[in-house]
Amino acid sequence: MTKLITQGPGMASRRSVLQGSLLAAGAAALGAGMAQARAPRGPMPMPARIPERLVQVQADAIAKAPPADLTGYTRVKQELVAPPFAPVHEQVATGGPKIIEVYMETQERLMKIDEDTGAEIWALTYNGSVPGPLIIAHEGDYVELTLRNPADSVFEHNIDFHASTGALGGGALTHVFPGEEAVLRWKATKPGVFTYHCAPGGEMIPYHVCHGMNGTMMVLPRDGLKDGQGNPLRYDEIAYIGEQDYYLPKNEDGSYKTYTAAGEDYADSLEAMRGLIPTHSVFNGAVGALTGDKALRSKVGNTVLMIHNQANRDTRPHLIGGHGNFVWEAGSFNDAPATNYETWLIRGGSSGAAMYTFEQPGVYAYVNHNLIEAVLLGATAHFVVEGDWNNALMEQVVAPRTFET
Amino acid sequence: MFRQMTTAALLSLALTGMSGAETIDVKMLNKGESGTMVFEPALVKLAAGDSIRFVAADKGHNAETIDGMLPEGATAFEGKLNEELTVTFDQPGLYGVRCKPHFAMGMVMVVAVGDDATAPDGFLEGRIPKKAKERLEAALAGL
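The structure displayed is predicted, hence computed values, not measured ones.

Moving on: the overall build of chain A. Of the regular secondary structure elements, chain A holds 5 helices and 22 strands. Each of the 405 residues in chain A was classed as buried or not, and the buried ones make up 44%. If you take every contact in chain A between residues at least 6 apart in sequence, the share linking residues at least 24 apart comes to 73%.

Laid out in structure tokens, this is it:
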């Protein structure tokens with residue numbers, strides 16, 4: 001039996017008891033010396049670990065399983081692109097089911113979050129972007145992901161696809177240390193938009209997710225999207241928006257701490273995250289990533305499918321000056337879309353989709369309609385829409401003028 | 001410092017009495033003689049009943065046993081980030097110890113308890129990051 005004694009606060013209860021009794025014994029021996037010992041702060045849960053025994057049960061089951069029958073499937077490669085864009089894809093599947101090969105590399109990189117304040121983070125990413133790239137398949141297709149972790153990485157990474165079934169969403173089968181790669185193939189059986197994220201275990205899970213390691217997997221029905229009456233719904237473009245809550249550690253004077261390498265902020269970050277109040281909540285990695293010169297572009301008459309991912313925290317998108325004409329709030333394309341929503345809720349740990357057809361030109365702000373988060377924390381994007389103004393929909397009857405009192 | 005010394009004195013009294021058991025300091029460092037993210041020293045040989053005090057010389061580290069790398073009957077331990085931890089090793093054999101956040105960067109060490117502690121078969125056969133494996137092998141070579 002190994003005995004252990006810990007100093008400092010916040011140990012699990014069994015250890016605290018052990019510590020207490022030992023210190024008490026010491027106090028009896030040393031008298032006043034006991035006054036130097038700090039009282040434990042009380043039990044704090046240790047990060048959950050999945051017992052080795054259960055992992056083995058799964059490994060044994062996998063070892064016994066017959067191979068999947070992949071006859072009739074065609075292999076295709078999907079070139080992933082950085083958000084807010086979508087990879088080349090069909091809305092209505094042609095041909096038989098496919099095995100869609102995708103490649104992602106875990107990249108740990110310093111990213112500026114806010115030019116104004118200089119806030120930055122050693123982001124943990126898939127393919128270098130926050131959110132990770134949008135992946136698109138159709139129901140019945142396979143996704144075959146090669147996940148590679150470069151040799152000079154700091155961390156182990158993996159991926160949990162909420163769209164997939166079994167093995168912690170593939171998380172249990174994709175752990176890659178620096179210098180390793182793994183290949184996972186899973187069948188897209190449920191149409192919808194789903195979060196994927198890194199989940200290496202314990203405290204590493206929120207740490208990786210809150211450093212950018214999440215994104216959306218979209219599984220379209222083979223015959224495309226439909227409204228509640230079964231009529232086809234088609235989009236002209238996709239706006240893929242990942243909302244990221246960051247919890248940046250601060251110095252005593254309120255400035256943001258800086259670090260020289262990925263992972264150096266680990267202890268400080270976990271402490272900041274415990275407060276649950278993000279320092280930033282941004283679209284596509286940084287304040288202003290989708291505003292001003294980087295605004296999303298569209299034109300009157302175009303239909304946009306807005307895909308919103310939030311892997312960690314509830315949010316409530318709203319298109320100022322527009323609507324969610326068709327909204328798959330919880331992300332399932334098996335459900336009839338809600339119509340004409342003003343604001344929709346994206347539950348933390350999910351993706352949702354909303355479709356809108358622009359009817360007026362101008363600037364639309366797409367925000368998290370907790371407006372504190374939109375304006376003070378960064379959750380704002382812009383659509384700049386070209387086209388002809390329609391006075392039948394809205395007209396400024398009197399421009400602002402002074403009035404007689 | 002005073003508190004640490006006092007506690008160390010308490011521990012040695014409480015745990016070891018007058019048996020002569022020792023407590024060895026191991027520093028958890030961002031940069032040491034053998035590279036970045038290290039336990040220093042990376043190999044410690046103990047007699048049963050001796051202790052290691054893991055000193056949080058730099059922030060952001062912890063010390064914990066590596067799954068599958070401890071003797072039969074020994075209890076795993078898991079230190080908190082940024083905090084000092086003293087562990088007494090009563091069970092003879094080999095222990096692999098890691099820092100959780102820097103495991104992939106090779107922050108590992110070996111504790112050998114007892115005179116004839118050798119690596120059991122399969123000690124390095126679990127899932128271990130490349131850098132960690134290299135350092136564990138180097139530590140084992142020093143036995």
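Read on for the rest.
From N to C terminus, chain B includes 2 helices and 8 strands. Counting from the amino terminus, chain B carries its helices and strands in the arrangement α-β-β-β-β-β-β-β-β-α. For chain B, the proportion of its 143 residues judged to be buried stands at 46%. For chain B, the share of sequence-separated contacts (at least 6 apart) that also reach a separation of at least 24 residues comes to 65%.

All names here are of chain B. Judged by pairing direction, the sheet is mixed, and its 4 strands sit side by side in the order β3-β8-β7-β5 without closing on themselves. Looking at the sheet topology across the chains shown, the edges are occupied by β3 (43-46) and β5 (64-65). Note that β5 and strand β7 (residues 93-98) share 2 bridges and pair antiparallel. Considered in β7, the bridge of Glu64 is made with Arg98.

All right, on to the sheet that holds strand β10 (residues 214-220) of chain A then. Residue and element names in this part refer to chain A. With mixed pairing, the 4 strands of this open sheet are ordered in space as β5-β10-β9-β7. Two strands lie at the open edges of the sheet, namely β5 (135-138) and β7 (160-161), each paired on one side alone. Where β7 meets strand β9 (residues 192-197), 2 bridges bridge the pair, whose relative direction is antiparallel. Paired with Asp160 across the two strands is His197, which belongs to β9.

Once that is clear, we can look at unusual backbone geometry. Glycine aside, residues mostly have negative phi, and peptide bonds are mostly found in the trans state. The omega torsion across Val130 of chain A and Pro131 of chain A is 0 degrees, close enough to zero to call that bond cis. The residue Pro131 of chain A is located in the loop between β4 (119-126) and β5 in this model. Note that the residue after Glu40 of chain B, namely Pro41 of chain B, is joined by a cis bond; omega there is 0 degrees. Among the structural elements, Pro41 of chain B can be located in the loop between β2 (35-40) and β3.

It is worth spelling out the environment of Ile205 of chain A at this point. Residues and elements named next belong to chain A. Relative to the helices and strands, Ile205 resides in helix α3 (residues 204-209). Note: C-alpha distance between Ile205 and Pro361 (156 residues apart in sequence) is 42 Å. Leaving out residues up to four positions away in the same chain, Ile205 has contacts with Ala199 and Pro200.

Our focus in this paragraph is the nonpolar core. Counting 132 residues, the largest nonpolar core has Met306 and Ile307 of chain A together with Met109, Val110 and Val111 of chain B as its most contacted members. Apart from the residues within four sequence positions on either side, Val111 of chain B is in contact with Val44, Leu46, Ile52, Phe89, Tyr95 and Val97 of chain B.

This part is about the confidence of the model for chain B. Any region with low pLDDT has predicted coordinates that should not be read closely. Residues and elements named next belong to chain B. On average, residues of chain B carry a pLDDT of 87, and 87% of them reach 70 or more. Low pLDDT, under 50, characterises residues 1-14; the stretch is placed with 23 contacts to residues that sit more than four places away or in other chains. For this predicted complex, the interface confidence score (ipTM) comes to 0.76, while the overall pTM stands at 0.85.

A word on helix α2 (residues 130-141) of chain B. Residues and elements named next belong to chain B. Compared with an ideal rise of 1.5 Å per residue, which puts 12 residues at 16 Å, α2 spans 17 Å between its outermost C-alpha atoms and is within 8% of the ideal. Restricting attention to buried positions, one finds in α2 the residues Lys131, Ala132, Arg135, Leu136 and Ala139. Relative to the axis of α2, the buried residues are bounded by an arc of 130 degrees and lie together on one face. For α2, the secondary structure elements touched by its buried residues are β3, β7 and β8 (108-113).

Attention now moves to the confidence of the model for chain A. Predicted confidence across chain A gives a mean pLDDT of 89, with 88% of residues reaching 70 or more. Note on residues 1-47 of chain A: pLDDT is under 50 here. Beyond four places in sequence and across chains, it has 75 contacts.

The next subject is the pairing of β7 of chain B. Residue and element names in this part refer to chain B. The buried fraction of β7 is high, at 6 of 6 residues. Strand direction decides the pairing type here: β7 and β8, joined by 6 bridges, are antiparallel. Pairing of Leu94 across the sheet is with Ala112, part of β8.

What follows covers helix α4 (residues 266-274) of chain A. Inspection of α4 of chain A places Tyr266, Ala267, Ser269, Leu270, Ala272 and Met273 of chain A among the buried residues, and these make up the whole buried set. The inward-facing, buried residues of α4 of chain A contact α3 of chain A.

The next thing to look at is the environment of Pro120 of chain B. Residue and element names in this part refer to chain B. Turning to its location among the elements, Pro120 is positioned in the loop between β8 and α2. Assessed through the 11 C-beta atoms surrounding it within 10 Å, Pro120 is described here as exposed. Between the alpha carbons of Pro120 and Leu70 there is a distance of 9.7 Å; along the sequence they are 50 residues apart.

The rules behind these values
- Residues numbered from 1 in each chain as written.
- Chains lettered and ligands numbered in written order.
- Predicted model: local features only at pLDDT ≥ 70, side-chain atom pairs only at ≥ 80, totals over all residues.
- Helix = DSSP H or I, 4+ residues; strand = E, 2+ residues; numbered from the N terminus.
- Buried ≥ 20, exposed ≤ 12 C-beta atoms within 10 Å, placed from the backbone.
- Contact = placed C-beta atoms within 7 Å.
- Pairing = 2+ DSSP bridges.
- Core = buried A, V, L, I, M, F, W, Y, C linked by C-beta atoms within 7 Å.
- pLDDT = per-residue confidence, 0-100.
- Expected span 1.5 Å × (residues − 1).
- Arc of directions from axis to C-beta.

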